[in-house]
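# Examination of the molecular architecture
These are the residues of each chain, in order.
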Amino acid sequence: MRLIALDLHQDNIVTAVLDFSTASRPLLAHRYGLDEASLGEFIGLLDKGDVVMMESTFNAFWLYHRIAPLVSSCHVLNVNAVHLRGNKTDKLDARKLLELLSTFVVTDTLHRMPTVFVPPENVTKLRSLFSSYRLLKKSETQLRNRIHAIYRQNGVVIDRKELGSAKYRATLLKDHPLKDYWREQVETFLETLQLIIPKHVRLKKAILSLALALFPEEIRLLTTIPGFSGLTAAAFMSDVADIRRFASAKKLCAYLRTAPSIKSSNKTRHLGPVSKCGRSLTVSLLTQSVNHLKTASPSYADFYNRLRTGKSAGKCRIALIRKTLTAAYYMLRRGTDFNNKNNVAYERKQKVLKRFIKDYQPPMGGKEEVETA
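All residue numbers refer to position in the chain's written sequence, counted from 1. This being a predicted model, a pLDDT of at least 70 is required before a residue's local features are given, and a value of 80 or more before pairs of side-chain atoms are given or counted; all residues contribute to the totals for chains, interfaces and linings. Side-chain calculation: all heavy atoms of the structure are included, whereas hydrogens and water are not.

## Notes on the overall build of the protein
The helix count covers DSSP runs of H or I at least four residues long, the strand count covers runs of E at least two residues long, and both are numbered beginning at the N terminus. A count of helices and strands for the protein gives 15 helices and seven strands. Summarising its shape, the C-alpha atoms of the protein cover approximately 80 × 60 × 45 Å along the three principal directions. We call a residue buried when its accessible area falls under 20% of the maximum for its residue type, exposed when it is over 50%, and partly exposed in between, using a 1.4 Å probe and counting protein chains only. Burial status across the protein gives 41% buried among its 373 residues. Should any heavy atoms of two residues lie within 4.5 Å, those residues are counted as being in contact. Considering only contacts in the protein between residues 6 or more positions apart, those separated by 24 or more positions represent 61%. For the protein, the computed accessible surface area is about 21,500 Å², with 52% contributed by carbon and sulfur atoms. Positive: Lys, Arg. Negative: Asp, Glu. His and the chain ends are not part of the count. The location of each charge is read from NZ of Lys, CZ of Arg, CG of Asp or CD of Glu. Mean positive and mean negative side-chain charge positions of the protein (59 and 33 charges, respectively) differ by 12 Å. Only the protein chains shown count as cover for residues, and the accessible areas themselves come from Shrake-Rupley with a 1.4 Å probe.

## Some details on the state of the cysteines
Cysteine pairs can be linked by a disulfide, which is a covalent bond between their two sulfur atoms. Note on disulfides: each one is a pair of cysteine sulfur atoms within 2.5 Å. One pass over the full model with this rule turns up zero disulfides. Not part of a disulfide, C316 finds its nearest cysteine sulfur in C253, a span of 16 Å.

## Notes on the packing of aromatic side chains
Each pair of aromatic rings taken from Phe, Tyr and Trp, with Trp reduced to its six-membered ring, is defined by centres within 6.5 Å and is described as stacked if the planes are under 30 degrees apart, edge-to-face if over 60, and tilted in the remaining cases. The final tally for this structure, using the stated rule, is five aromatic pairs. Judged by centre distance (6.2 Å) and plane angle (75°), the rings of F228 and F236 are edge-to-face. Seen from their ring centres, F246 and Y255 are 5.3 Å apart, and the 50° between their planes marks the pair as tilted. Residues F246 and Y255 agree in their burial class; the two are buried. Any Lys NZ or Arg CZ found within 6 Å of a ring centre and within 35 degrees of that ring's normal is scored as a charge over the ring. Positioned above the aromatic ring of F356 is the side chain of K204, whose terminal nitrogen or guanidinium carbon lies 5.2 Å from the ring centre.

## Structural notes on helix α3 (residues 90-106)
Expected span of a helix, by definition, is 1.5 Å for each gap between consecutive residues, and there is one gap fewer than residues. The terminal C-alpha atoms of α3, which comprises 17 residues, lie 24 Å apart, in line with the 24 Å expected from a rise of 1.5 Å per residue. Those residues of α3 lying buried are D93, A94, K96, L97, L98, L100, L101, S102, F104 and V105. For α3, the elements touching its buried residues are β1 (2-8), β2 (12-19), β4 (51-55) and β5 (73-77).

## A closer look at the pairing of strand β6 (residues 260-265)
Of all six residues making up β6, only zero are buried, and the element is barely covered by its neighbours. Examined bridge by bridge, β6 and strand β7 (residues 268-274) share five bridges and lie antiparallel to one another. Following the sheet pairing, I262 is matched in β7 by L271. At least two DSSP bridges between two strands are required for those strands to pair. The turn linking β6 back onto β7 is made up of two residues, and N266 within it adopts a positive phi angle of 55°.

Listed below in structure tokens is the structure:
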């Protein structure tokens, strides 16, 4: 058996190897590029008995999927949970990682290594689609705000929400004319909006199409919750991937950044801000649906109103979202609908969802990849 530690970089990896069959010293500072030829040379040296570990970084999932089928086990180390002290070079980093890996293997505690969950490849694509979608939505919001600000500087108040309408944008400068350089700026921003808005709609269709192919039943169940749109349900499943990997609803809530940090000693207990270790996408979308969640059921309304008398609005929102995520956890584990399901609203969601993605064509190879995932 060999232990292999990888110090992963943007365009290369540095390996450190410990071969138990020869009892040799670690082979340090062997560098391979990430091009097909050099990486292929490294992959060709791997064996089914090898144990591989790499740091969690931007391209770790890609390398994991290339290596994992060829070795005994492959692990992505959570670098936030360990502290590799001392001098730092590529050689030393690889050796420190190897020493850490060998400690877990020799003591038979490999299952306790702090690792990062590696989602299936199609779930990684879904997460990437969400990142690109949110980037375009953020750019759209910034452009709308800037157009609104320019008009305010000229004593004119316009409706920012209406800027999402192509008809409104087409007549904006005619209805509210501007002069010289003011007009030049608004024209530029309107042209940019004209390009961005169809693109983020296209990405939204891609997200929903892929999510429905991967998690049809999960999304059906989640959309029975008031405040859970198809997009929110897709975000939840992209964060979670598999609900069975969470032993309890508390662990799910902690992973989705809704559980407060705790400092307790003897009879003293302090609750701090929510943990930042985990995924934030689902909570960011659910925060926009708090008004729907408050009316999801009479018990939800009572719960929120009771909290609101003594806590800040932010804490009440997070508590309500945490309660909703707990319900979602048990719904998915048991395969049941939301207790206070609104059938009319649910049917409307399904019709809107089907109509929205009706004309979307997945990219070449997309459908086959989903079916075989």
